[in-house]
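Spelled out from the first residue to the last, the chains are:
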Amino acid sequence: MNGKEMLEAMSFVDEKYIMEAEQSVSRKFRWQPLAALAACAAIAILALRIYPGRQTMTAVSPAAMQEYAAEIRAEPADEDGGAGEPMAMMAMGFLQVTVRIDRYEDGDAVCIVTDPGSSSYAVGAEIRIPMPEPVSADTDGDNTAEAGEETAPEEENFILFVTGTDEDLRVIDIVPAEPEE
Amino acid sequence: MDDGKIIDLYFQRDEEAITQTALAYGSRLYSLAHRILDSREDAEESVSDTYLKTWESIPPTRPSFFYAYLAKICRFTAFGRLDWKNAAKRKAEIVELTAEMELCIPDMRHELQLEAEELGRLLNAFLASLPEDSRRIFLRRYWYGDSIEEIAARFGMGQSNVKTRLFRTRNALRSFLEKEGITV
């Protein structure tokens with residue numbers, strides 16, 4: 001017996017094996033590439049949440065924001081003298097950016113970033129928040145300025161908690177920043 | 001036309017059967033014969049002989065797997081035409097396949113006379129014991145005569161992986177033949 005005979009004897013192989021080898025390959029399900037793809041997608045989504053990379057904000061509910069801001073200010077300060085629950089918001093994964101309201105314009109509060117916090121905004125960047133009625137710390141004790149006020153508001157910093165992507169950035173919360181000593 | 005209808009034409013002794021066979025499988029049979037013979041003329045003649053032998057054998061035979069039936073005849077015919085000395089001179093692929101197959105033979109120091117058909121029976125028993133993937137790769141290489149590169153592309157794996165699988169299967173065949181008493 002030699003290699004030639006072995007090769008020729010292969011001709012006697014059962015036809016079912018010949019057909020099996022001829023048919024297209026049935027690929028086994030391989031989960032590793034899918035898992036890698038899912039991991040990449042998760043990282044990309046996380047990166048977009050951490051680095052929104054936009055200088056404008058949209059999709060804010062002005063009424064809800066004003067209401068919530070008023071509630072926050074009405075709450076007693078915590079033991080450290082902080083305003084409300086920023087740490088809790090941070091723990092929930094929202095980005096924090098401190099802004100000063102520069103002016104009200106066309107129904108928007110035009111805010112200037114004073115401290116980028118955990119966001120990627122630069123100091124001095126402009127953020128517009130739809131807000132027909134200005135939010136401001138009180139001079140008259142009712143926590144809001146007069147509706148329709150178009151003059152520059154008082155110097156006061158607010159902390160915005162934001163989330164979302166470039167296309168769908170949302171202001172989750174707004175609280176007055178703790179005044180500097 | 002599906003295989004059943006072509007086979008029916010053979011049973012009806014309708015020569016259209018050969019035309020339809022050539023249309024359905026002519027190029028694949030030519031490719032198979034050409035891999036063995038490495039010659040266009042010889043491959044074409046092998047395919048023509050395959051049609052003739054098929055015409056002579058159906059009926060009474062009614063093949064379960066028509067293409068496998070044709071390919072088997074074609075392979076037999078091509079090996080019958082193969083001039084081994086010239087193939088060696090041309091360094092044809094078939095010579096490389098032969099050298100690889102010799103690695104499966106337990107003891108080359110002794111000539112063992114074994115009917116090809118009996119060896120074929122042993123090969124079938126061995127193939128039945130293999131995992132499907134390994135069996136397919138083995139047959140693509142030593143039955144169809146595919147190159148390593150072609151097998152790697154077909155199975156979506158690296159060439160080194162294919163070589164490793166073939167090496168292991170050859171060793172397994174060698175062990176199998178030893179157990180079957182093919183050593184002298």
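Residues numbered from 1 in each chain as written. Chains lettered and ligands numbered in written order. Predicted model: local features only at pLDDT ≥ 70, side-chain atom pairs only at ≥ 80, totals over all residues. Heavy atoms only, no water.

Draft legend 1. Representation of the overall build of chain B within the structure. Helices and strands together make up the secondary structure of chain B, namely 10 helices and 0 strands. Ordered by position from the N terminus, the helices and strands of chain B form the series α-α-α-α-α-α-α-α-α-α. When the 184 residues of chain B are sorted by exposure, 46% land in the buried category. On chain B, roughly 9300 Å² of surface is accessible, and the fraction owed to carbon and sulfur atoms is 49%. (Helix = DSSP H or I, 4+ residues; strand = E, 2+ residues; numbered from the N terminus. Buried < 20%, exposed > 50% of the residue type's maximum accessible area, 1.4 Å probe, protein only. Areas by Shrake-Rupley, 256 points an atom, 1.4 Å probe, with all protein chains shown as cover.)

Draft legend 2. Layout of the overall build of chain A. Scanning chain A from terminus to terminus reveals 5 helices and 5 strands. Written out in order from the N terminus, the α and β elements of chain A read α-α-α-α-α-β-β-β-β-β. For chain A, the residues scored as buried account for 39% of the 181 residues in total. For chain A, the exposed surface amounts to about 10000 Å²; the carbon and sulfur share of it is 55%.

Draft legend 3. Region of interest: unusual backbone geometry. Residues and elements named next belong to chain B. The residue after Ile 58, namely Pro 59, is reached through a cis peptide bond having omega -15°. On the secondary structure map, Pro 59 appears in the loop between helix H3 (40–57) and helix H4 (66–81). Pro 59 connects to Pro 60 through a cis peptide bond whose omega is 10°. With respect to the secondary-structure elements, Pro 60 resides in the loop between H3 and H4. You will see that Arg 13, though not glycine, has its phi angle at about 55°, which is positive. In this fold, Arg 13 is placed in the loop between helix H1 (3–11) and helix H2 (16–37). The phi torsion at Asp 38 lies on the positive side, around 55°, for a residue other than glycine.

Draft legend 4. Spotlight on the pattern of salt bridges. Following the criterion strictly, the structure yields 16 salt bridges over all chains and no others. Arg 140 of chain B is paired through a salt bridge with Glu 22 of chain A; the nearest N and O atoms lie 3.1 Å apart. Linking Arg 140 of chain B in helix H8 (residues 132–142) with Glu 22 of chain A in helix H2 (residues 15–22), this pair reaches from one chain into another. We note that Arg 140 of chain B, like Glu 22 of chain A, is buried. In this structure, Glu 150 of chain B and Arg 35 of chain B form a salt bridge, with 2.9 Å as the shortest nitrogen-oxygen distance. Of this pair, Glu 150 of chain B sits in helix H9 (residues 148–155) while Arg 35 of chain B sits in helix H2; the two residues are 115 residues apart in sequence, bridging distant segments of the chain. Among the residues examined, Glu 150 of chain B registers a relative accessible area of 33% and is labelled partly exposed. Classification of Arg 35 of chain B by relative accessible area gives partly exposed; the value is 26%. Through salt bridges that share partners, Glu 22 of chain A together with Arg 28, Arg 35, Arg 140, Asp 146 and Glu 150 of chain B make up one connected network. (Salt bridge = Lys/Arg side-chain N within 4 Å of Asp/Glu carboxyl O.)

Draft legend 5. Representation of the environment of Phe 66 of chain B. Residue and element names in this part refer to chain B. Along the chain, the position of Phe 66 falls in helix H4. For Phe 66, a relative accessible area of 1% translates into the label buried. Those residues in contact with Phe 66 that lie beyond four places of it in its chain are Asp 3, Ile 6, Ile 7, Tyr 10, Thr 21, Tyr 25, Thr 54 and Ile 58. (Contact = heavy atoms within 4.5 Å.)

Draft legend 6. The arrangement of the environment of Ile 172 of chain A in detail. All names here are of chain A. In this structure, Ile 172 sits in strand E5 (residues 169–176). Residue Ile 172 is classed as partly exposed on the basis of its relative accessible area of 37%. Residues Ile 172 and Gln 96, spaced 76 residues apart in sequence, show a C-alpha to C-alpha distance of 10.0 Å.

Draft legend 7. Layout of the side chain of Arg 75 of chain B. When you line up the elements, Arg 75 of chain B lands in helix H4. Each residue touching Arg 75 of chain B, except ones within four places of it in the same chain, is listed here: Leu 7, Glu 8, Met 10 and Ser 11 of chain A together with Leu 32, Ile 36, Tyr 142 and Trp 143 of chain B.

Draft legend 8. Local environment of the side chain of Thr 169 of chain B. Residues and elements named next belong to chain B. Note on placement: Thr 169 falls in helix H10 (residues 159–179). Among the polar contacts made by the side chain of Thr 169, one reaches the main-chain carbonyl oxygen of Arg 165 at a distance of 2.7 Å. Apart from the residues lying within four places of it in its own chain, the contact partners of Thr 169 are Phe 126, Leu 130, Ser 134 and Phe 138. (Polar contact = N/O pair within 3.5 Å; in protein donor to acceptor, adjacent residues only side chain to side chain.)

Draft legend 9. Representation of the packing of helix H6 (residues 93–102) of chain B against H8 of chain B in the model. All names here are of chain B. At their nearest, the axes of H6 and H8 sit 10 Å apart, and the two run at 135° to each other. Taken together, H6 and H8 sit at an angle that is classed as oblique. In contact with Glu 93, Glu 96, Leu 97, Glu 100 and Met 101 of H6, H8 contributes Phe 138, Arg 141 and Tyr 142. A per-class count over the contact of H6 with H8 returns 4 nonpolar, no polar and 4 charged. (Axes fitted to C-alpha atoms, helices over the stretch in contact; angles between N-to-C directions. Parallel < 35°, antiparallel > 145°, perpendicular 65-115°, else oblique. Nonpolar A, V, L, I, M, F, W, Y, C, P; charged D, E, K, R; others polar.)

Draft legend 10. Representation of the pairing of strand E2 (residues 108–115) of chain A in the model. Residue and element names in this part refer to chain A. Buried residues dominate E2, accounting for 6 of its 8 residues. Between strand E1 (residues 95–105) and E2, which pair antiparallel in sequence order, lie 2 residues; one of them, Asp 106, sits at a positive phi of approximately 50°. As defined by bridge partners, E2 adjoins strand E3 (residues 126–130) across 5 bridges and the pair is classed as antiparallel. Paired with Ile 112 across the two strands is Glu 126, which belongs to E3. (Pairing = 2+ DSSP bridges.)

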